[in-house]
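These are the residues of each chain, in order.
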Amino acid sequence: MIKHIHLLFIVLTISSFIIRILLAEFKPEILSKKILKIAPHIIDTILLLSGIALVFQGNWMAGEYGWIISKFIMLIAYIGFGVMAMRSSGIKRWLAFAGALGAFAYILSVAISKHGFI
Ligand code: HEM
């Protein structure tokens, strides 16, 4: 159950991020809508909370938990690059966008392999 919530919000965070970047580039006026300002925070909070709940549910801290710390650090990188991509423009935006996608792909690989860089 919690895992399904986690997976759903993983899909929601990446799709809403891509949509918001495209809007920021091509239709920035739409981004001023209140729902588009609040929704990403709600999505990311639920994603984080579901991840933390899974850590307890699976008793993951009892074993080799370096992969969870790696995921956590890369989540901060994903959010940081994401904010940078939303706030900057031109090539800087697209470099930050690539960084965010790279961090996200890395989190996915760590989640599946359970092996991080720590
Ligand atoms: C962008 C952020 C995240 C992505 C893309 C992501 C991705 C995933 C995926 C794909 C799985 C399923 C893995 C599998 O079934 O083999 C998973 C499971 C899990 N995630 Fe995340 N996750 C993210 C954030 C987090 C955070 C922040 C935490 C912890 C604080 C976390 C903790 C966990 C745990 C404990 C599992 C359960 C592993 C299992 O039961 O097999 N995740 N995550």
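Please refer to the structure higher up on the page.
### Description of the environment of Gly82
Part 1: Its location among the elements puts Gly82 in helix H3 (residues 66-87).
Part 2: For Gly82, a relative accessible area of 9% corresponds to the buried category.
Part 3: Taking the C-alpha atoms as reference, Gly82 lies 6.4 Å from Phe97; in sequence the two are 15 residues apart.
Part 4: Apart from the residues lying within four places of it in its own chain, the contact partners of Gly82 are Phe17 and Ala100.

### Let's talk about the pattern of salt bridges
Side-chain pairs of opposite charge can arise where the charged atoms are in close proximity.
Part 1: Per the stated rule, a full pass over the model turns up 1 salt bridge.
Part 2: A salt bridge links Arg93 to Glu25; its shortest N-O distance comes to 2.8 Å. Here the residue Arg93 occupies a position in helix H4 (residues 90-113), and Glu25 occupies one in helix H1 (residues 2-26), the gap between them amounting to 68 residues.
Part 3: Note on Glu25: relative accessible area 31%, which makes it partly exposed.

### Description of the packing of aromatic side chains
Part 1: Applying the stated criterion across every chain, the model contains 6 aromatic pairs.
Part 2: Taking the centre distance of 5.9 Å and the plane angle of 80° together, the rings of Phe17 and Tyr78 count as edge-to-face. With Phe17 in helix H1 and Tyr78 in helix H3, this pair connects stretches of sequence that are 61 residues apart. For the residue pair Phe17 and Tyr78, the accessibility class agrees, reading buried in each case.
Part 3: With 5.0 Å between their ring centres and 85° between their planes, Trp60 and Trp67 make a pair best called edge-to-face.
Part 4: On the accessibility criterion, Trp60 (33% relative accessible area) is partly exposed.
Part 5: Each member of the aromatic cluster is reached from another via a ring pair, and the members are Phe17, Tyr78, Trp94, Phe97 and Phe104.
Part 6: Stacked on the ring of Trp67, the Lys or Arg Lys114 has its end atom at 5.1 Å from the ring centre.

### What to know about unusual backbone geometry
Part 1: In this structure, Asn59 is a non-glycine residue whose phi angle is positive, near 50°.
Part 2: Its location among the elements puts Asn59 in the loop between helix H2 (34-57) and H3.
Part 3: Under the relative-accessibility criterion, Asn59 is labelled exposed at 53%.
Part 4: A positive phi angle is found at Lys114, which is not glycine, with a value near 60°.
Part 5: Of the residues examined, Lys114 reaches a relative accessible area of 30% and is grouped as partly exposed.

### Details of a nonpolar patch on the surface
Part 1: On the surface, a cluster of nonpolar side chains totalling about 610 Å² of accessible area is made up of Leu48, Leu49, Ile52, Phe56, Phe72 and Ile76.
Part 2: Those elements that provide at least two residues to the nonpolar patch are H2 and H3.
Part 3: The biggest single contributor to the nonpolar patch is H2, with 4 residues.
Part 4: Here Leu49 shows up in helix H2.

About the thresholds
Residues numbered from 1 in each chain as written. Predicted model: local features only at pLDDT ≥ 70, side-chain atom pairs only at ≥ 80, totals over all residues. Heavy atoms only, no water. Helix = DSSP H or I, 4+ residues; strand = E, 2+ residues; numbered from the N terminus. Buried < 20%, exposed > 50% of the residue type's maximum accessible area, 1.4 Å probe, protein only. Contact = heavy atoms within 4.5 Å. Salt bridge = Lys/Arg side-chain N within 4 Å of Asp/Glu carboxyl O. Phe/Tyr/Trp six-rings, centres within 6.5 Å; stacked < 30°, edge-to-face > 60°. Lys NZ or Arg CZ within 6 Å of the ring centre and 35° of its normal. Patch = residues over 30% accessible without salt bridge, like charges linked within 9 Å, V, L, I, M, F, W, Y side chains within 5 Å. Areas by Shrake-Rupley, 256 points an atom, 1.4 Å probe, with all protein chains shown as cover.

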